[in-house]
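# Inside the fold
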Amino acid sequence: MLLLLRRAAARAGVPLLRAGPGSPGKACLSHTEPRPRDGRSEEEEEEEGCYQLYPGHIPTSPLQKALLAAGSAFMALYDPYRHDMVAVLGETTGCLALPNLRDKMKHHPEGYRILQERPRIRLSTLDMARLQGLPDGSLGREYVRFLEDNKVSPDTRMPPKFVDDEELAYVIQRYREVHDLMHTLLGMPTNMLGEVVVKWFEAIQTGLPMCVLGAVFGPVRLSARKLQVLATELVPWAIRSGRNASCILNVYYEQRWEQPVESLREEIGIYPPPAI
C-alpha cells in the first residue's frame with residue numbers, strides 16, 4: 001500500500017521525505033540526484049533513502065498521510081476490528097492531539113518521568129504470576145482478569161510507523177498500551193458496546209480524531225436496545241468521567257499494580273461505572 005502511495009505521490013510531483021544533511025532527529029524533504037542502482041531494485045533504494053527516526057518508522061509526506069488517513073478511515077469504519085487500520089488512522093490524524101498530550105505529560109511529575117523512562121506494557125515486561133497473585137480488586141489482578149476473560153494480549157498493540165517525531169511516537173505507543181487498562185478502570189468489556197464507551201472517554205481525554213470517529217460511528221452496529229442504554233446512561237457517564245479525570249497518560253500504571261481499582265478511579269477522577 002505504501003509503495004502505491006509513493007508512486008502516486010511521485011506522479012503528482014510531491015517529493016518524498018528523505019534524510020536531509022544536518023537535520024538529525026527529524027525527517028525532511030529532500031530532492032536527491034539519481035544514483036547507480038548497483039543491482040538493487042527501485043523499491044529497495046526507496047526504502048534506503050528514507051530517514052528512520054526510530055525502528056519501523058516510515059516517513060511520509062502530507063499527501064501520503066492524507067491518502068493513508070482516508071483509506072484507513074474507510075477500512076476502520078467497514079471493519080472496526082481491523083486494529084491495523086485503526087492504528088494507521090490514529091497516527092496519520094494525530095498531528096495536533098499528540099503534541100498536546102506530550103505537553104500534558106511534560107508538565108506533570110509522573111507523566112514527565114514516564115517520558116524519560118519510556119516504560120512498556122508487554123508480556124516480556126509483565127510479571128504475570130505476580131499480578132495473578134495480587135488481591136482481588138487490585139489494579140494488577142483486575143487487569144490480568146480482563147486479559148484472560150477477553151482473551152487479549154498486550155503484545156497485540158502495533159508499534160507506530162507514520163509519526164514523524166520519535167517522542168510523539170512513544171506517546172501514541174503509550175496510549176495504545178494503556179488502552180486495556182482503560183477498559184479495566186472503566187469496567188467495560190471488549191464487545192462493540194464496551195469499545196464505543198471507552199472511545200467516548202478516550203475522545204474527551206485525548207482529542208485524537210481516531211477516538212472521535214470510533215465514538216461517533218461505532219454505535220451504528222448496535223441494536224436499538226443497546227443504543228438506548230448507550231445514549232441515556234453510558235455516553236453521558238463516559239463524557240462526565242473524561243472531563244473530570246486527569247490525563248490518563250500521567251499515571252505510571254506499572255507502579256500502581258497493588259493499588260485498588262476503586263482507589264485509582266477516585267484519584268484519577270473517574271466516576272463509578274454503571275452496570276451494563
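Residues numbered from 1 in each chain as written. Predicted model: local features only at pLDDT ≥ 70, side-chain atom pairs only at ≥ 80, totals over all residues. Heavy atoms only, no water.

Moving on: the environment of Glu254. Tracing the chain through its elements places Glu254 in the loop between helix H13 (224-244) and helix H14 (261-268). Glu254 gets classed as buried once you look at its relative accessible area, which sits at 18%. Each C-alpha atom of the pair Glu254 and Leu126 lies 8.6 Å from the other, and the pair is 128 residues apart in sequence. In contact with Glu254, other than residues within four places in its own chain, are Pro119, Arg120, Ile121 and Arg174. Side-chain polar atoms of Glu254 contact the side chain of Arg174, separated by 2.7 Å. (Helix = DSSP H or I, 4+ residues; strand = E, 2+ residues; numbered from the N terminus. Buried < 20%, exposed > 50% of the residue type's maximum accessible area, 1.4 Å probe, protein only. Contact = heavy atoms within 4.5 Å. Polar contact = N/O pair within 3.5 Å; in protein donor to acceptor, adjacent residues only side chain to side chain.)

This part takes up H13. Under the 1.5 Å per step criterion, the end-to-end length of H13 is 29 Å for 21 residues, consistent within 8% with the ideal 30 Å. Those residues of H13 that sit buried are Leu230, Leu234, Val235, Trp237, Ala238, Ile239, Ser241 and Gly242. On its buried side, H13 packs onto helix H10 (179-186) and helix H11 (192-206). (Expected span 1.5 Å × (residues − 1).)

Attention now moves to the pattern of salt bridges. Two side chains bearing opposite charge may form a pair once their charged atoms approach each other closely. Inspection of the entire model under this criterion finds 19 salt bridges. Of the charged contacts in the structure, one is a salt bridge between Arg102 and Glu167, with a shortest N-O distance of 3.5 Å. Within this pair, whereas Arg102 is found in helix H5 (residues 97-106), its partner Glu167 is found in helix H9 (residues 166-177), the two being separated by 65 residues in sequence. Residue Arg102 shares its accessibility class with Glu167, and that shared class is buried. Note that Lys199 is salt-bridged to Glu202, the shortest N-O span being 3.4 Å. (Salt bridge = Lys/Arg side-chain N within 4 Å of Asp/Glu carboxyl O.)

Before going further, it helps to spend a moment on the packing of H5 against H9. H9 packs onto H5 with a crossing angle of 85 degrees between their chain directions and a minimal axis gap of 9 Å. Considering their axes alone, H5 and H9 lie roughly perpendicular with respect to each other. Touching Leu98, Pro99, Leu101, Arg102, Met105 and Lys106 of H5 are Glu167, Leu168, Val171 and Ile172, all from H9. A breakdown of the residues in the contact of H5 with H9 according to their chemical character gives seven nonpolar, no polar and three charged. (Axes fitted to C-alpha atoms, helices over the stretch in contact; angles between N-to-C directions. Parallel < 35°, antiparallel > 145°, perpendicular 65-115°, else oblique. Nonpolar A, V, L, I, M, F, W, Y, C, P; charged D, E, K, R; others polar.)

To continue, consider the nonpolar core. Across soluble globular proteins, you tend to see nonpolar side chains buried next to one another. Ranked by size, the top nonpolar core spans 64 residues in total, and within it Leu181, Leu185, Leu249 and Tyr253 carry the most contacts. Of the residues forming this core, the biggest block, seven residues, is contributed by H11. The contact partners of Leu249, leaving out residues within four places of it in the chain, are Leu101, Met105, Gly111, Ile114, Val171, Arg174, Tyr175 and Val178. (Core = buried A, V, L, I, M, F, W, Y, C linked by side-chain atoms within 4.5 Å.)

Looking now at the side chain of His183. Note on placement: His183 falls in helix H10. For His183, the side chain forms a polar contact with the main-chain oxygen of Pro189, separated by 3.2 Å. Among all residues touching His183, those that are not within four sequence positions of it are Phe146, Met188, Pro189, Thr190, Gly194, Glu195 and Val198.

Take the packing of aromatic side chains next. Taken as a whole and assessed by the stated rule, the structure comprises one aromatic pair. Summarising the aromatic geometry, the rings of Tyr143 and Trp257 are spaced 5.5 Å apart at their centres and angled 20 degrees between planes, so their arrangement reads as stacked. With a gap of 114 residues between them, Tyr143 in helix H8 (residues 139-150) and Trp257 in the loop between H13 and H14 connect regions that are remote in the sequence. With respect to class, Tyr143 is no different from Trp257; both count as buried. The ring of Tyr271 carries Arg240 above its face, with NZ or CZ at 4.9 Å from the centroid. (Phe/Tyr/Trp six-rings, centres within 6.5 Å; stacked < 30°, edge-to-face > 60°. Lys NZ or Arg CZ within 6 Å of the ring centre and 35° of its normal.)

Here we come to the confidence of the model for the chain. A residue-level look at the chain finds 82% of positions with pLDDT of 70 or above and a mean pLDDT of 86. In the predicted structure, residues 1-38 sits below a pLDDT of 50 and forms 65 contacts with residues beyond four places in sequence or in another chain. When the criterion is pLDDT under 50, residues 44-49 qualifies, and its contacts beyond four places in sequence or with other chains add up to 13 contacts. (pLDDT = per-residue confidence, 0-100.)

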